[in-house]
Amino acid sequence: MRINREILTGYLLEDTERGDLTSDVVVPDIDSYAEIVSKDDGIICGLEETAFLFGYAGAKVVLTASDGERVSAGRKLMEIRGKAKAVLLVERTALNIIGRMSGIATKTDIIVRKARSVNPKIRIAGTRKTSPGARAIDKKAIVAGGGDPHRYDLSDAFLIKDNHLAVCPAADAIRKAKEYSAYKKIEIEAESPADALADAKAGADIIMLDNMTPEKVSAALGLITDAGLRGRVCIEISGGIDAKNFEDYAALDIDVISMGALTHSVRNFDVSLDMKPGVKNFTVKI
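Here the structure is a predicted model, which is why all the values come from computation and not from measurement.

Conventions used here
Residues numbered from 1 in each chain as written. Predicted model: local features only at pLDDT ≥ 70, side-chain atom pairs only at ≥ 80, totals over all residues. Heavy atoms only, no water. Helix = DSSP H or I, 4+ residues; strand = E, 2+ residues; numbered from the N terminus. Buried < 20%, exposed > 50% of the residue type's maximum accessible area, 1.4 Å probe, protein only. Contact = heavy atoms within 4.5 Å. Areas by Shrake-Rupley, 256 points an atom, 1.4 Å probe, with all protein chains shown as cover. Lys, Arg positive; Asp, Glu negative; His and termini not counted. Charge placed at Lys NZ, Arg CZ, Asp CG, Glu CD. Arc of directions from axis to C-beta. Core = buried A, V, L, I, M, F, W, Y, C linked by side-chain atoms within 4.5 Å. Pairing = 2+ DSSP bridges. Axes fitted to C-alpha atoms, helices over the stretch in contact; angles between N-to-C directions. Patch = residues over 30% accessible without salt bridge, like charges linked within 9 Å, V, L, I, M, F, W, Y side chains within 5 Å. Salt bridge = Lys/Arg side-chain N within 4 Å of Asp/Glu carboxyl O. Phe/Tyr/Trp six-rings, centres within 6.5 Å; stacked < 30°, edge-to-face > 60°. Lys NZ or Arg CZ within 6 Å of the ring centre and 35° of its normal.

1. Considering the overall build of the protein chain
Alright, step 1. Helix and strand content of the protein chain: 11 helices and 12 strands.
Alright, step 2. For the protein chain, the C-alpha atoms occupy an extent of roughly 75 × 35 × 25 Å along the three principal directions.
Alright, step 3. Looking at the 286 residues of the protein chain, the share that counts as buried comes to 47%.
Alright, step 4. Nonlocal contacts in the protein chain, meaning residues at least 24 apart in sequence, comprise 72% of its contacts between residues at least 6 apart.
Alright, step 5. For the protein chain, the exposed area adds up to about 14,300 Å²; of that, 51% sits on carbon and sulfur atoms.
Alright, step 6. Of the charged side chains in the protein chain, 40 are positive and 42 negative, and the gap between their average positions amounts to 3 Å.

2. A short note on helix α7 (residues 170–180)
Alright, step 1. For α7, the complete set of buried residues consists of A173, I174 and A177. Down the axis, α7 shows its buried residues gathered within 95 degrees of arc, on one side only.
Alright, step 2. Check the buried side of α7 and you find it contacts β7 (158–160), β8 (186–190) and α8 (193–202).

3. Looking at the nonpolar core
Alright, step 1. Ranked by internal contacts, the top residues of the largest apolar core, which has 73 residues, are I36, F54, I207, L209, V217, I254 and I257.
Alright, step 2. For this core, the element with the highest residue contribution is helix α4 (residues 84–118), accounting for 12 residues.

4. So, the sheet that holds strand β12 (residues 271–275)
Alright, step 1. Strands sit in the order β3-β5-β1-β12 across an open sheet of 4 strands; the sheet is antiparallel. At either end of the open sheet lies a strand with only one pairing partner, and these are β3 (60–63) and β12. Each strand of the sheet is rotated relative to its neighbour by a mean of 20 degrees, with strand direction disregarded.
Alright, step 2. The pairing of β3 with strand β5 (residues 76–83) spans 4 bridges and is antiparallel.

5. Some details on the pairing of β5
The two faces of a sheet get side chains in turn, since along a regular strand they alternate between them.
Alright, step 1. Most of β5 is tucked away, with 6 of its 8 residues classed as buried.
Alright, step 2. As judged from the 7 bridges shared by strand β1 (residues 31–38) and β5, these two strands associate in the antiparallel manner. The residue bridging E35 from the neighbouring strand is E79, located in β5.

6. Quick look at a nonpolar patch on the surface
Alright, step 1. On the surface, L21, V25 and V26 cluster together into a nonpolar patch covering about 340 Å² of accessible area.
Alright, step 2. As for its placement among the helices and strands, L21 is situated in helix α2 (residues 21–26).

7. Focus: the packing of aromatic side chains
For any pair of aromatic rings, the description consists of the separation of the ring centres together with the inter-plane angle of the planes.
Alright, step 1. The full count for this structure, using the stated rule, is 2 aromatic pairs.
Alright, step 2. Ring geometry for F52 and Y56: centres 6.0 Å apart, planes at 35 degrees, overall tilted. Taken as a pair, F52 and Y56 lie in helix α3 (residues 47–56) at a separation of 4 residues, close to a single helical turn.
Alright, step 3. On the accessibility criterion, Y56 (54% relative accessible area) is exposed.
Alright, step 4. Consider the rings of F158 and Y180, whose centres lie 6.2 Å apart with planes at 90 degrees: the pair is edge-to-face. Linking F158 in strand β7 with Y180 in helix α7, this pair joins segments that are 22 residues apart in sequence.
Alright, step 5. Among the residues examined, F158 registers a relative accessible area of 24% and is labelled partly exposed.
Alright, step 6. For R5, the ring lying beneath its charged end belongs to F52, and the centroid distance is 4.5 Å.

8. Focus: the environment of E187
Alright, step 1. Turning to its location among the elements, E187 is positioned in strand β8.
Alright, step 2. Using a relative accessible area of 5% as the deciding quantity, one classes E187 as buried.
Alright, step 3. Separated by 74 residues in sequence, E187 and R113 place their C-alpha atoms 26 Å apart.
Alright, step 4. Look past the residues within four positions of E187 in its chain and what remains in contact with it is H150, F158, L159, I160, I206, M208 and E236.

9. A few points about the pattern of salt bridges
Alright, step 1. Within the structure shown, the criterion is met by 19 salt bridges.
Alright, step 2. A salt bridge links K76 to E35, with the shortest nitrogen-to-oxygen separation between them at 3.7 Å. One end of the pair, K76, is in strand β5; the other, E35, is in strand β1, and 41 residues separate them in sequence.
Alright, step 3. With relative accessibility at 14%, the residue K76 sits in the buried group.
Alright, step 4. Taking the relative accessible area as the measure of exposure, E35 reaches 14% and is therefore buried.
Alright, step 5. Among the ionic pairs, R175 bridges to D172, the shortest N-O distance being 3.8 Å. Residue R175 and its partner D172 are located together in helix α7, separated by 3 residues, close to a single helical turn.

Shown next as structure tokens:
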């Protein structure tokens, strides 16, 4: 999953549009060597994007870890050589990207592994609850952690939600979507077991059981199974699901749990960049 380079340079421009006052004034025009090191344990992500930004600023990079790799605190992730001003120009943007993406990847990995210990077939998906401007890196980080990115934007698939249903009945909405395209999946939000059954009968491909308790999810599954429709629909649950209760849901006969919490309340992964005066050459560990 390659991120548009204009998005990445936009992150850098946000921090450098008027230059780097401190480095421009006090840092001499000298060659430098630096390392980025993990200070946390988890799934690392964002190294590819960060390497691009250092290269964009004129520095040379050697990666000593790979995106999606499990790392421990103290692990060297990247070696950077270039003008000191160039390295310092990118430093904070680079650490922000790695910190956010690795935090999302690590959180996703923890939830995926716990959920699959209960239900091996289940998928953990993100949502569009991403920070402004950060959707591309957030979605890539979810994938690095073993999750499903879900829809990237509103054009990816039909997702008929409560506010759509407020102005168009469910059966009509599903019919219109089917008439429009035979290739786009049709997902619809259901707020009760009876709604879920009606949506399955109307031909929805994916039924999102929204803000239902585990008991109501079980009831919906029972109705759909009894009607002989379970094999024709994907069952997704969403709403009010977090790290404390997702295992209760994962134990049910469902296919997907989508969680905004993967991205909207992530804890940054701790990484640091350390300048190494006097070091002239790369010393990459193979």
